[in-house]
Amino acid sequence: MNYIVDRMLAAFRKTNLLKTALEIGNLSSVNLLHKSHVANNKGSCGCEPPKVAVVLCGCGALDGTEISETISAAIHLSGKNLQPRFYAPDLDICGTVNHLTKDPDESGQPRNGLIEGARLARAAIKPLCECKACDNAALIIPGGFGVARTLSDFASKGCECVVLPEVESIIKDFNCDKKPIGAMCIASVIIAKVLQGVKVTLGMDCPRDKWAYAEAIEKVRQMGANVELKDVKGVTHCKQFNVYSTPAWMDTQASYADIHEGIGSMITGLSQCIK
């Protein structure tokens, strides 16, 4: 097994897909997940597909970015000949959780949002500070409690929450450039906080055993947002701000297929706005 691992790392180094397997903080900007797709889908002019910024924060629904939402988004983007470009804040995530027991992680070991996000992006990730609206055709933010605990403090402050300044600036920049924004699951709350009066969806308000986080709907309305009630496969489009949102795992009884379909509908709408 050690021989196989050594061969894999050697191949990574030789192809420059990873500068070094030991220096995780200095991650390559090459997109490992979509490198082959991009190479095979260049137009006759040799141009690469439009790039879409995807903001992560850790890896795992209970304290970071929701994994299946991120992968579904990447698959649908690739299917539309759009290239995902991953970014994450270079800081420790808040309230780490043992995903097996669902209890707080008492190991005392900090987890960095960028390093953990690299797991999802197959090392093809950049610090959030490098995410620029001028370099990307659209912005997507998957859900997960990292949105409510690290990208903002919505989990503890509700409608009085503060959004991480870097994230707030990025959302405003994409909006200013009239580029589409997509939000999944709880990520709609930070869009609502930054873009006052935006229309989003956070799913349905009942039944509570299916929509366990329905209280977020009222809190977002208190922010001044217009909240549409949609099922897991539904999509809300705010024409004023060009924001697309879908409930995703706000429906705690949904299937992976349901989540994938809803995100696919959101990406389809968003892709039609990319110039």
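Quick caveat: nothing in here was measured; it's all calculated off a predicted structure.

What counts and how
Residues numbered from 1 in each chain as written. Predicted model: local features only at pLDDT ≥ 70, side-chain atom pairs only at ≥ 80, totals over all residues. Heavy atoms only, no water. Pairing = 2+ DSSP bridges. Helix = DSSP H or I, 4+ residues; strand = E, 2+ residues; numbered from the N terminus. Axes fitted to C-alpha atoms, helices over the stretch in contact; angles between N-to-C directions. Contact = heavy atoms within 4.5 Å. Buried < 20%, exposed > 50% of the residue type's maximum accessible area, 1.4 Å probe, protein only. Disulfide = S-S within 2.5 Å. Phe/Tyr/Trp six-rings, centres within 6.5 Å; stacked < 30°, edge-to-face > 60°. Expected span 1.5 Å × (residues − 1). pLDDT = per-residue confidence, 0-100. Polar contact = N/O pair within 3.5 Å; in protein donor to acceptor, adjacent residues only side chain to side chain.

Trainee: Please set out the sheet that holds strand β10 (residues 236–238) residue by residue, giving values where relevant.
Mentor: If you walk across this open sheet you meet the seven strands as β5-β2-β1-β6-β7-β11-β10, and the pairing is mixed. Each end of this open sheet is capped by a strand with a single partner; those strands are β5 (125–127) and β10. In this sheet, adjacent strand axes meet at a mean angle of 25 degrees when their direction is disregarded. Bridge count for strand β7 (residues 181–184) against strand β11 (residues 243–246) is four bridges, and the pairing is parallel. Each bridged residue has a counterpart across the sheet, and for isoleucine 181 the counterpart in β11 is valine 243. Packing against the sheet, helix α3 (residues 67–79) makes contact with β1 (51–55), β2 (83–88), β6 (138–141) and β7, and its axis sits at approximately 150 degrees to β2. The sheet strands contacting helix α10 (residues 256–271) are β6, β7 and β11, and the helix crosses β11 at an angle near 170 degrees.

Trainee: Can you tell me about the pairing of β11, naming the residues and giving the values?
Mentor: Neither face of β11 is open: one carries Val243 and Ser245, the other Tyr244 and Thr246, and all of them are buried. Between the antiparallel neighbours β10 and β11 lie four residues, among them asparagine 242 with a positive phi of about 55 degrees.

Trainee: Describe the state of the cysteines, listing the residues and the values that go with them.
Mentor: For the structure shown, the criterion picks out zero disulfides. Considering cysteine sulfurs only, cysteine 57 is the nearest to cysteine 94, which forms no disulfide, with 7.9 Å between them.

Trainee: How would you sum up the packing of aromatic side chains? Please name residues and give values.
Mentor: Counted under the stated rule, the structure contains two aromatic pairs. With centroids separated by 5.8 Å and ring planes inclined at 80 degrees, the aromatic side chains of phenylalanine 145 and tyrosine 213 adopt a geometry described as edge-to-face. One end of the pair, phenylalanine 145, is in helix α5 (residues 145–149); the other, tyrosine 213, is in the loop between β8 (199–201) and α9 (215–222), and 68 residues separate them in sequence. You can call tyrosine 213 partly exposed: its relative accessible area is 32%. Ring geometry for tryptophan 249 and tyrosine 256: centres 5.3 Å apart, planes at 80 degrees, overall edge-to-face. Note on tyrosine 256: relative accessible area 60%, which makes it exposed.

Trainee: Let's hear about α3: which residues, and what values?
Mentor: In a regular helix each residue adds 1.5 Å, so 13 residues correspond to 18 Å; α3 covers 18 Å between its end C-alpha atoms and thus fits that length. Within the sequence span of α3, burial applies to Ser68, Glu69, Thr70, Ser72, Ala73, Ala74, His76, Leu77 and Ser78. Immediately downstream of α3, the backbone of asparagine 81 shows phi near 60 degrees, a positive value.

Trainee: I'd like to hear about the confidence of the model for the protein, residue by residue, with values.
Mentor: Residues of the protein with pLDDT of at least 70 account for 83%, and the chain-wide mean is 87. Note that pLDDT drops below 50 for residues 11–41; the model gives that stretch 48 contacts with residues more than four away or on any other chain.

Trainee: Lay out the side chain of threonine 65 with the relevant residues and their values.
Mentor: Within the fold, threonine 65 resides in the loop between β1 and α3. A distance of 2.6 Å separates the side chain of threonine 65 from the backbone nitrogen of cysteine 57, its partner in a polar contact. Beyond its immediate stretch of four places on either side in the chain, threonine 65 contacts Leu56, Cys57, Gly58, Cys59, Gly60, Thr70, Leu120, Pro142, Gly143 and Gly144.

Trainee: Any chance you could break down the side chain of threonine 246 for me, citing the residues and the numbers?
Mentor: Within the element layout of this structure, threonine 246 appears in strand β11. For threonine 246, a relative accessible area of 0% translates into the label buried. If we ignore the near neighbours within four places in the chain, the residues touching threonine 246 are Ala183, Met184, Cys185, Thr201, Val232, Gly234, Val235, Gly262, Ile263 and Met266.

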